[in-house]
Each structure stands twice: as structure tokens, then as C-alpha cells.
Amino acid sequence: MVTDAQGDPVAGVAVTFAVTGGGGQLTGGSTTTAADGTASPAGWTLGTTAGANTLSATAAGLAGSPVSFTATGVPGPAAGSVVLLSPSPTAVVGVPLAQQPAVQVTDQFLNDVAQAGLVVQARWLRGATLVDSTTATTDAQGIAAFSGITFVGLVGSYSIEYRVAGSSVSSGSVGIQLTTGAAAAIAQSAGTGSRPRWGSAVAVAPAVHVTDVGGNPVAGTTVTFAVASGGGSVTGGTAVTDAGGIATVGSWTLGPAAGANTLEATSAGLTGSPVTFTATGNAVVTSQFTIDVVYLAGATPAQQAAFDAAKARWEEVITGDLADFTIPVAFNTTDCGAGISQTISGTVDDVRIYVELSPIDGPGQILGSAGPCDLRRSGTLLPYVGLMHFDTADLASMEANGSLDDVILHEMGHVLGFGVLWEPINGFWPSNFLTGSCPLSTPAFIGTGALAAYTGLNGGGSATGVPVEDTGTCNGSSGDGTRDSHWEESIFRSEIMTGFISGTVRPLSATSIRSIEDLGYEVDVSKADGFDIGSQPTLVRPGPVVQLKGDLLALPVWRLDPVTGRRKSQYSRPQGRGRMRMRTGPGGSPGPVRAGAVPPVSGRRRAPRRRACRGRCRRRWARRWCRARGPRRPRRSGPGPGAGQRRRWGGGERSR
């Protein structure tokens, strides 16, 4: 209030208000006194920090100016928190944090709220995903001290944030790195349920997976494998888990009698220990299957050893004898696409494979190619003869990098029908095992045996078909010999029957062996190499990747023509001179006629075209007509049959 010397109020005096402490704000700080001598600002808002705030009022020349005003700001309701004590920056799965956090509850302006009994929630997240949480209650100073915070989950980066109950505001997060904890559980990984012959080792060695309480693999844990029943034996019975938490027994040989065998894997103190594996010993299986390898040109001892190894491996896998096949009419290896000529005749038991080692397309292109040349006439309809062709430009490099044995084993599988007999050949091979093939892009092998092995022993999970390679186009070099005829590389990866040679260990899986069984062979699936879709491809993947481009040899498959005695192509779409095409038949109706032959027509026959005399006169009447007339177009020699014993002879007429 402003007054005169007698104490009476004075109106119209200018007064200036200003904040002098506490950081508040004024509105209407410059004003004049009213009729009662008073003046005040329009508004004074205190600062956001709890404590004293001051304001001054100044009127020039007046005694007592400036006048000071004070106000005290107090904290608002609890709305947030600040970290007083940060948690440990690293944590071990299943172990409480060495340094537990403590937080101070604050109002919205981060002023401490000294209030007991408030609930504060600590939440830990991985990325944006909430993993778990716990709570603590404030003391009289509004401090919430946490205890027992323990992280359980996958290793990696996490963060902790804090939130007062009833508030949607979270404090800033604090990062924590979680590392693998102590071994806590053991479970089966691979190698149970096999059925080898008694007294032999199982194909897939039993293995266990050791993890901490968060499911992370634990390395360095000792696991003991021991025979529990059946009288078998093990090698490498004490194993230590690797970086993936896997421990594998060296080998498990079943007991000397048919029946059930069990093996136990033990690691003290772990949940799930001991883990039990089972196997059933079957009677001895003796293979009756024989492959005869014939070299069309010389092979080095090392190369012959590779072919011998592939032959022995397939003879071990395929156990059932096929009916001997006596070749009715001799033919030639050139009929099968070979560049070197050799007669094919005699009786075959069970498959005869001709091997040609010669240049194809230079280094680093097509390594080799193979396929069947002829199929049996009845019964299984399986191949009895085939050709394997390898590029001499690549043999040395394959021997040097250790891939030759596997490439030969792979190509020999194609001769037996892998990838070749997956779809029908009209009139000769009725079975269809492929769905979603060209022009579709979802190829899958649907043979029941291969599918059972894929979804079962090889860990493929639930599926309706075995994934087949879809890389490349339906036509052209990018798709030739790879698409629709091999397992999908992105899934099977290092397995030997994909369209790529990759990795350093290339197993022949139970899926591949049972796909051969689906074609009609009798097999011993216990001879499969250990293979699991989920883990093994990752373990053996490192190494160069080479596409087996063009390795499916499109050979002529032949049959005996019952009329002429000549060999004819068995393919539904044969190429070359044997190709069928539609031409006009009697009465104008279309009919299939072999290219270069003259179709019968009503009335007079048309004379053969000149090209019929250019190496295409295969029939007796055509050869005689060509010798007599040459390439000229013949003319009629008379009005019709009569004196001179004229008769029709192909097209046109001639005197006999």
C-alpha cells in the first residue's frame, strides 16, 4: 500500500514487482496503485524447486521501497523417481545382482517426496519387451531399496526402469549385461530310437544339451555316458559340453543279442539327470546289392579308390537284391551320352555304371554329371545301367580339397534314381514323388519313408513334404540339374544330396536313404550318418560352397521296339531323330509319325521329300528308292499298276 505523510492512501503511483528468488514467474509485474493505495501483480507462480521463493515491489522515491515478499514451495504428489544407487552393470543368469538398486520417490518436478508406504516397481526389459518385475516400499524419506533382483533369461543386454504405483511415468533406464549362469538342466539332444543290427554301433551317437536356468547353453560341463542295459559298450564315455552346450558320446555299440538297449547320460546335480537313450538291436543285415563300375578311360588309383568308396557306401545302404537283367539287344555307351564307345550287353546284377573322365567345360564349372541310361522292363522298373561323367579339368582340384569322394557318392545316387525318378516318365516310370515343382516354386518330396525320416530322426519338425531345392529357373542353365532334384540347401545345408557341396562334413542322412527306399530299393536306414536339421548343419557349414550345376545328366533312356528290334527312347519327350510330331494322317486326322517318315494317305502316296535321302533312309524301301532315284522328286511311270508288275513303294511308283 502507498500512503502520503498523513497515512492516507495515494492512487496512481507506479509500482514494479519482480521475482528475486526461487525462480518463479510473474504476470502483470508493472502496475499502479488503486484508489485505496494498493497495488499487486496479476499472478505469481512459484519455481519448480521446493523451498523459499522471494518477490520485490519497488516504487521510486518512496520510503520503504523496495518491499520484499516470501513464499515456500513444497513437493507435490509422488509421480516419479530418481536412482540413488545404480544396480551392477553385469549380471549372471540365476544369481542376484551384487549391487541392488535404491530409488528416491519424487514429484513431477523431481522434488523428493518424503512419504512412507509408497510402492515402487522395478521393471526389466530386453529391447522393448518386458521380461519381469518386482516391487519395493518407501521408507519415511521416500526411498525404496530393492533386494533379491535376479535375472533369468537369454544372455544379452537388458535395462531396468522404475515406476511409482499409479503413475504412468517411468524413470530413465539403466543398462545391464546378462551372462551365462551355472549348468542347471540336462536334456536329450540326439541319438535315441535307432534300430541298427545287434553288436554294431548306432549311426547317430547319443548327445545331450546342458543349459542354465535361463535356457542358455553351458560349456565345460562334464557328462558321463554308461550302458544301462543290453550289454553293449561305449567309447568316449566321459564327455565335456562344447560352446553349444552339447556333449556327445564317442560311440555306442549295442549288445550281442537282438532286443532293447539303453544308455544313460549323467551329470550330478542337474535337473533331468540321468538322460536315457534307447536303441533296438536287429538281426544281422547282409547286403545283396551289387554295383559294377566300368571305366571307359583310365583312372588314377586315387580316383578309382574314390569310386570304390562310393560303390561300397551305396552297397552298404541298399541291402535288397534286384532281379538280374539280361540285355535283349546290345547297344552302345554313346547311346547313353558318353563320348567314348563301348558295347553294352550281357546280364547285369544289380546296376552297371559306366564312368567317363573327359573334358566338359573347363575348371570351376560343371564338376560332374550322372543319371540312369535304361530302366528294367518290369518289377521294380529301377535302373540297371547308367553313366557318370566327370570333368578332368576339375578332378585334381576336387582331390586336393577333399571333395572328390563326396561328389562321386552324390552323383552315384543320381544313377540310382535320386532326383531323376521323382516324377513320372510316361509309359515307363509311373510314380510321382514331387509336388509344387516347376513352374511352381514350392517343390517338396512326398515319399512316405523320406518324410518320416525328415520329421523324425533328422529333426525336421512337422511337415507334409521334404523341402526340395527351388533355386534357379525352370529352364536354362541356372536351373539345370539343381532345381527340383536335390534337397533344399538352405535347410539341409551340408547334407550330401543338396545341389551344393558345402562344409567339411557331408553326411548321408536317413532322409536321403529312405527317399531311395521310396523308389523301390530295400535299405538299411541304420547306416545313415548322424544328421539333425536344427543343429548339425550349423556346426559343419564352414567351408567353400560349390553348386553342382548341371549334374543331373539328361540321358536317353531306351526300350526295345518289338516290331523293328531297334532301341527307342523311353523318355516321354525324347530329343533328336526319335522325336514324335503331329502330321496329317488318313482322312485328314492328325496322327503321330516319326520325323522323316512318310505317313500313309488315302489314294496315291506322296513321294518322300529330298531330305529323306540325306542319311535318313533307314527303312528298306526308302534305301532302295534313294539308290534308284537319288534326291530327285519321282514322277509316275504309268497310269497305274499293271504290266511290268508295278506296285506301290513308298511314295510314287517304280517298276519291279
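Residues numbered from 1 in each chain as written. Predicted model: local features only at pLDDT ≥ 70, side-chain atom pairs only at ≥ 80, totals over all residues. Heavy atoms only, no water.

Draft legend 1. Broad picture of the overall build of the protein. Looking only at helices and strands, the protein features 8 helices and 42 strands. Per-residue burial over the protein gives 42% buried out of 656 residues. Summarising the internal contacts of the protein: among those between residues at least 6 apart in sequence, 59% fall at separations of at least 24. With an accessible surface of roughly 30900 Å², the protein has 53% of that area assigned to carbon and sulfur atoms. (Helix = DSSP H or I, 4+ residues; strand = E, 2+ residues; numbered from the N terminus. Buried < 20%, exposed > 50% of the residue type's maximum accessible area, 1.4 Å probe, protein only. Contact = heavy atoms within 4.5 Å. Areas by Shrake-Rupley, 256 points an atom, 1.4 Å probe, with all protein chains shown as cover.)

Draft legend 2. Representation of helix H2 (residues 392-401) in the model. Regarding H2, the residues found buried are Asp394, Leu395 and Met398. Taken down its axis, H2 places every buried residue within 115 degrees of arc, on the same side. What points out from H2, more than 90 degrees from its buried face, is the exposed set Ala396 and Ala400. Residues of H2 that are buried make contact with helix H1 (301-317), strand E29 (351-358), strand E31 (383-391) and helix H3 (404-416). One or two steps after H2, the chain reaches Gly402, where phi turns positive at roughly 80 degrees. (Arc of directions from axis to C-beta.)

Draft legend 3. Representation of the sheet that holds strand E14 (residues 174-179) within the structure. Strand order in this open sheet of 5 strands is E8-E14-E13-E10-E11, and the pairing throughout is mixed. Pairing within the sheet leaves two strands with one partner each, and these edge strands are strand E8 (90-92) and strand E11 (129-137). The sheet shows a mean angle of 30 degrees between the axes of neighbouring strands, taken without regard to direction. Where E8 meets E14, 3 bridges bridge the pair, whose relative direction is parallel. (Pairing = 2+ DSSP bridges. Axes fitted to C-alpha atoms, helices over the stretch in contact; angles between N-to-C directions.)

Draft legend 4. Geometry of H1. Here H1 spans 24 Å end to end across 17 residues, near enough to the 24 Å set by a 1.5 Å rise per residue. Taken residue by residue, H1 has Gln303, Ala306, Phe307, Ala310, Arg313, Trp314, Glu315 and Val317 as its buried positions. On the buried face of H1, the contacting elements are strand E24 (291-295), E29, E31, H2, H3 and helix H6 (510-519). (Expected span 1.5 Å × (residues − 1).)

Draft legend 5. Fine view of the sheet that holds strand E5 (residues 51-58). Here we have 4 strands laid out as an open sheet, ordered E3-E1-E5-E6, and antiparallel in their pairing. The open sheet has two edge strands with one neighbour each: strand E3 (30-32) and strand E6 (67-73). The mean angle between the axes of side-by-side strands here comes to 25 degrees, regardless of whether they run parallel or antiparallel. Sheet topology note: the E5/E6 ladder contains 7 bridges and is antiparallel. Pairing of Thr54 across the sheet is with Thr70, part of E6.

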